[in-house]
Structures are given as structure tokens and as C-alpha cells.
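Overview (structure and organization)
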Amino acid sequence: MIYTDTRDKTAKVDFRTAVVNGMNEKTGGLYIPVEFPKLEKSFLNKNPEPPFRDIAFEMAKPYVEGEIDDKNLRAIINDAYPFPAKVVAVDPNSYILELFHGPTCAFKDFGARFMARVMSYFNRGENSPLHILVATSGDTGSAVGSAFHNVPGLDVTILYPKGKISPLQEKQLSTFDNNVRALKVDGTFDDCQKLVKTAFTDESLRSKLRLSSANSINISRLLPQSFYYMYSSLSVKNKAWQYNKIEEPSIIMVVPSGNFGNLTSGLIAKKMGAPITGFVAATNTNRTIPDWIATGSYNARPSIATYANAMDVGSPSNYERIAAMYSLEEVRQLFASYWLDDEGIINSIKDCYSKTGYVIDPHGSVGWKAWSDIKNGAMKDLVAGKKNDYTKPGLTPNIPSWVDDVITKKNAIGVILETAHPAKFGSTVTKATGKSPSIPDRLEKVLKLKDLSIPMENDYEQFKDWLLENLR
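Before going into details, it helps to say that this report is about the structure given with it. In this text, all values refer to a predicted model and were calculated from it rather than measured experimentally.

Considering the side chain of Asn-123
- For Asn-123, the location among the structural elements is in the loop between α5 (108–122) and β6 (130–135).
- Asn-123 sits in the buried class, given a relative accessible area of 7%.
- Among the polar contacts made by the side chain of Asn-123, one reaches the main-chain carbonyl oxygen of Gly-153 at a distance of 2.9 Å.
- Sequence-distant contacts of Asn-123, defined by excluding residues within four places in its chain, comprise Ser-128, Leu-130, Gly-153, Leu-154 and Arg-210.

Structural data, given as C-alpha cells:
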């Protein structure tokens, strides 16, 4: 498979180069496959759907062809995924895709564990370590730290915004040792991301250190997240027939989004044949993408702290990939867009719990409210001419091509991505439900570990000096 660059279509690299470099150091662009091969219909039409690992193997094969043989690819996938993606029905036309069953209780485990094993495979025989720089707005850092901890030949530096992630999230990423460490930056996630991106395009730094990324900038983090879109959509398609006698459901993936890597992974799955009709881009007050869809103008902005902190991204990197894959008009046909403020997040957690008994986290709650509004009249109101003010919380004024599936055909089924365990946001969930969420053992153990984070100013030259002094 050949990979090109979102900023330079003449760029052509192989998978190893795209993974090891992270992004194109010459242009600052992000790597993207030149094509998205479709899976065989005989595989997609199996009932019951194929196991998750089999889906992962079949989806990954064309992207690593000629660089990772089938035996090693199978071993990478089997080692990466000892845990499941679970599809839970909450009502006849609403499912929740639980992505928190990995070691750090967040969806980032799916991408980070695959990526760590691929990088380790490609780094065999190298004399110097590959240094991973990653900015996190919450869950990426802990997933990457866990996936890469003590992996030979790999070294990880995590940057996170001081005081802008939950206490449990901070414990998860500030307590690693050996080849993983965390820098506590006096700034926002966007500041952290800018430090990382600047490092990647700094030729003098890259001449001394082998650098790569581990957030959704890196294609090897993005591709494996497409696996659970394929798995869940095939599962829901079969369940829709089994329980609702809907032969051809219109499956709408409702995606809480910050840096928009997760949603981009869903687009990859759709291009590969997943039975997905459309998407809901659901976010918090950092509504850069909903505003773009509503107005046609993309305006990055400083991020704003919210209860759904993993989505506190004002300048989402993967906008570049979305814009490279689809025109704005195609995005508007495919996407509905939605955003909530903090008050709406609290009310949505409460609403989901009171109506279904399901305890949802702040990020998933944005998806819950978006789908609830869409199926209960908000989309119908748009069609009837009620143009929502995109600067206010709710469904933004865009009518996707799948609107009739919701209003007339009534064959639309929403799959809401629950991207993190609610215990990671215990105080917010308790405030909404009056009940403290249970804490998995693997999270409770982290609370007892010592904080080893290193303070860092939001200053690139200081950051660069620290890297050169401390990394080898």
C-alpha cells in the first residue's frame, strides 16, 4: 500500500515510513492511504458476524501488504486484543458500543496497542530507540503509556495540559517509569499538540533523535480504530434483523469527537464496506467541526475546558484527513453535527441513566443526547424549516442524506460510541446521577501510585532543550 500526504499529493511512502515518521516532516501533513480496499461481500455478510480479531486481520492486511507477513500480523493482532468491543442494546433503535474494556478503560487502547506492536516490529535491528512524542487531552496518554511501557526499542514522552484533565486520568499517565514519562505543560491541549508538531518539523532536532507520534496523527493509531466500526456495524446489522426484522437498517454511528481521529477511522471502515449509512459528529463547546459543517468556514480556535475534557480540542488535526477524503458537500451529506455545553452534558448523563439505567461517561453522553434529539424530532424540525442557531447547543442546521431513514422509513439505528469508562469522570457522573460509578480494579490500583510527572512551560525552545538533554 502506498501512503500520500494531506498537504502534498505527490508524496508517496510505504507503511513503515508513514508509521515511523508519524507525519511528513517536510510539509507537516498527515499520511493517508491512496486507496481503501473493500472487504469481500462473503466475509461481510456472515451471520453471526466474524470475530473481532478476524475482522481486524482482514482489514489490516491490505495496508501492511509486503511489509508485515500474515503470521506476524496475526500475532500482533492476537497480542493487542485480549479484550472485546461490546455492543449493548439500550432500546430497539439505539445501541452503545463499549470501548472501555482495555487496560486503561478508554477506546485509545484499540489503536495504541496495535501501534506499539507494529512500531516494535519495524524497529527490530535498529541501534537507537524510536522516540514517541504524544500530546493528550485525556485518554491518549495513558493508553499509549500502557501500550508502550517496557517495549524494547521504543521510548515515550507524553505531554498533557496541567489542571485540564481529570485526577484519575492524570494518575493514569503520570505514574509510568523506565521508557515512559509525562510532561505537565502549563497550557492547553492545543499548546501540547503544537509543541509536538513543531518538534516533528524541526530538522535540527530530527537529525539527533528518531521521532514519531502516537496520537491520531499517526496512521497506525487511526487504522486499527476502524476495526471496531466494522465489527459493531456488522453486529448491529445482524441484531436488527434478529430482533427488529429490519433487513437493511440504516446504521448511524454517533461519535463523540475531539481531535476527530476516531470519526476518521469510521470513515475508513465505511470505505472498506462497513454497512454504515452516516455519522453524527458530536462534540462539546469546542465546536470547530460543527461550525465548519454549518458555515463552510473552518476556523481553528483556542480550546475551552469542559466536563468532556478528551474532546477539548479547538484545532482538530484530523480535519485535514476528512477534507482530503471528502468535499464539504459530501461531508454534509454524510454527517449530522451536534454539540453540547457543560450543562447539557450533566443533563444528558442524568437523562440516559433515568431512562435506561445505563451509566454513561461525559463524552458518550454527548452522543446519547445527539441521537436522542435526532430520533425524537430535532431532525424533523430541520426538514420543516426550523433552522437551529449553530452557535447554540444542539443539532446544527445541516440535513444529511439519511434524513428520510430517521423521519419516514424509521429504519435508522444509532450506535453511540462510549469511549471511556464513567469511573474516569467520577465526580461529574456522580453530580449527574447521584451515584458514584464503580471503579474497575485496574483503575483503582493506579490511584495508589506515585506521581512522576515533570513540569514544563509552554515554550518550544525549553521543550526542545529538555528533549536533547534527557533523551538518548
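Describing the packing of aromatic side chains
- Within the structure shown, the criterion is met by 18 aromatic pairs.
- Ring geometry for Phe-279 and Phe-335: centres 5.9 Å apart, planes at 65°, overall edge-to-face. Within this pair, whereas Phe-279 is found in strand β11 (residues 278–283), its partner Phe-335 is found in strand β12 (residues 335–339), the two being separated by 56 residues in sequence. When sorted by exposure, Phe-279 lands in the same class as Phe-335, which is buried.
- Ring geometry for Tyr-298 and Tyr-319: centres 3.7 Å apart, planes at 10°, overall stacked. Highlighted residues: Tyr-298 in the loop between α12 (288–295) and α13 (319–325) and Tyr-319 in helix α13, separated in sequence by 21 residues.
- For Tyr-298, a relative accessible area of 23% corresponds to the partly exposed category.
- Members of the aromatic cluster, each reached through a chain of ring pairs, are Phe-52, Tyr-81, Phe-83, Phe-110, Phe-114, Phe-227, Tyr-228, Tyr-229, Tyr-231, Phe-279 and Phe-335.
- Above the ring of Trp-241, the side-chain terminus of Lys-245 is found at 5.2 Å from the ring centroid.
- Geometry around Tyr-326 places Lys-271 over its ring, the cationic atom sitting 4.6 Å from the centre.

Things to note about the sheet that holds strand β7 (residues 154–161)
- Strand order across the open sheet formed by 5 strands is β9-β6-β7-β8-β15, with parallel pairing between neighbours. In this open sheet, the two edge strands, each paired with only one partner strand, are β9 (211–213) and β15 (454–456). For this sheet, the mean inter-axis angle between neighbouring strands, taken without regard to orientation, is 30°.
- The strands touched by helix α6 (residues 139–148) are β6, β7 and β8 (180–185); relative to β7, the strand with the most contacts, the crossing angle is about 165°.
- Lying on the sheet, helix α20 (residues 460–470) is in contact with β6, β7, β8 and β15; it crosses β15 at an angle near 145°.

Here's the deal with helix α4 (residues 70–80)
- Every buried residue of α4 is listed here: Leu-73, Ile-76, Ile-77 and Ala-80. Buried residues of α4 fall within an arc of 95° about the axis and therefore sit on the same side.
- Among the structural elements, α3 (52–64) and α5 are those in contact with the buried residues of α4.
- Structurally, the start of α4 carries an N-cap: the backbone nitrogen of Lys-71 is 3.1 Å from a side-chain oxygen of Asp-69.

Considering the pairing of strand β4 (residues 86–91)
- Of the strand pairs in this sheet, β4 and strand β5 (residues 94–98) are connected by 5 bridges, and their pairing is antiparallel. In the strand pairing of β5, Asp-91 is matched with Ser-94.

So, the nonpolar core
- With 98 residues, the main nonpolar core has Phe-15, Phe-148, Tyr-228 and Phe-279 as its most contacted residues.
- With 11 residues, the single largest contributor to this core is helix α10 (residues 219–244).
- If near-sequence neighbours (up to four positions away) are discounted, Tyr-228 is found in contact with Phe-52, Ala-85, Leu-97, Leu-99, Phe-107, Phe-110, Asn-262 and Leu-417.

Topic: the sheet that holds strand β2 (residues 8–13)
- Pairing is antiparallel in the open sheet, where 3 strands are placed in the order β2-β1-β3. Of all the strands in the sheet, just β2 and β3 (31–33) have a single pairing partner and so form its edges. Adjacent strand axes in the sheet meet at a mean angle of 40°, parallel and antiparallel pairs treated alike.
- Pairing analysis gives 2 bridges linking strand β1 (residues 3–5) to β2, with the strands arranged antiparallel. Counted as the bridge partner of Tyr-3 is Val-13 from β2.

Looking at the environment of Ser-427
- For Ser-427, the location among the structural elements is in helix α18 (residues 426–433).
- Given a relative accessible area of 62%, Ser-427 falls into the exposed group.
- Separated by 177 residues in the primary sequence, Ser-427 and Ser-250 have C-alpha atoms spaced 36 Å apart.

Some remarks on the packing of α10 against helix α11 (residues 261–271)
- Contact geometry of α10 with α11 gives a least axis separation of 7 Å together with a crossing angle of 65°. Pair α10 / α11 crosses with right-handed handedness. Contact with α10, carried on its side by Leu-222, Leu-223, Gln-225, Ser-226, Tyr-228, Tyr-229 and Met-230, involves Gly-261, Asn-262, Leu-263, Thr-264, Ser-265, Gly-266, Ile-268 and Ala-269 of α11 and no other residues of that element.
- Its residues assigned to classes, the contact of α10 with α11 comprises 8 nonpolar, 7 polar and no charged.

Conventions used here
As a convention, each chain's residues are numbered from 1 in the sequence order in which they are written. For this predicted model, a pLDDT threshold of at least 70 governs which residues receive local features, and a threshold of 80 or more governs which side-chain atom pairs are given and counted, while totals over whole chains, interfaces and linings are taken from all residues. In computing side-chain values, all of the structure's heavy atoms are included and hydrogens and water are not. Only DSSP runs of H or I reaching four residues or more are called helices, and only runs of E reaching two or more are called strands; each is numbered from the N terminus. The cut-offs for exposure are 20% and 50% of the maximum accessible area for each residue type, with area from a 1.4 Å probe on protein chains only; residues under the lower value are buried, those over the upper are exposed, and the others partly exposed. Counting of polar contacts relies on pairs of N or O atoms within 3.5 Å, with two restrictions inside protein: one atom must be capable of donating a hydrogen and the other of accepting it, and residues adjacent in sequence are counted only when both atoms are side-chain atoms. Pairs of residues are marked as contacts when any of their non-hydrogen atoms sit within 4.5 Å. Each pair of aromatic rings taken from Phe, Tyr and Trp, with Trp reduced to its six-membered ring, is defined by centres within 6.5 Å and is described as stacked if the planes are under 30 degrees apart, edge-to-face if over 60, and tilted in the remaining cases. Note on geometry: a ring has a charge over it if NZ (lysine) or CZ (arginine) is within 6 Å of the ring centre and within 35 degrees of the ring normal. When DSSP finds at least two bridges between two strands, those strands are taken to pair. Every axis in this analysis is a line fitted to C-alpha atoms, fitted for helices over the stretch in contact. Angles between the N-to-C directions lie between 0 and 180 degrees. The arc under discussion is defined with respect to the helix axis, by the directions toward the C-beta atoms. Remark: nonpolar core denotes a set of buried residues (Ala, Val, Leu, Ile, Met, Phe, Trp, Tyr, Cys) joined through side-chain atoms within 4.5 Å. Crossing chirality is assigned from the near helix's rotation relative to the far helix, an anticlockwise turn below a right angle marking it left-handed and a clockwise turn marking it right-handed. Classification used: nonpolar for Ala, Val, Leu, Ile, Met, Phe, Trp, Tyr, Cys and Pro, charged for Asp, Glu, Lys and Arg, polar for all others including Gly.

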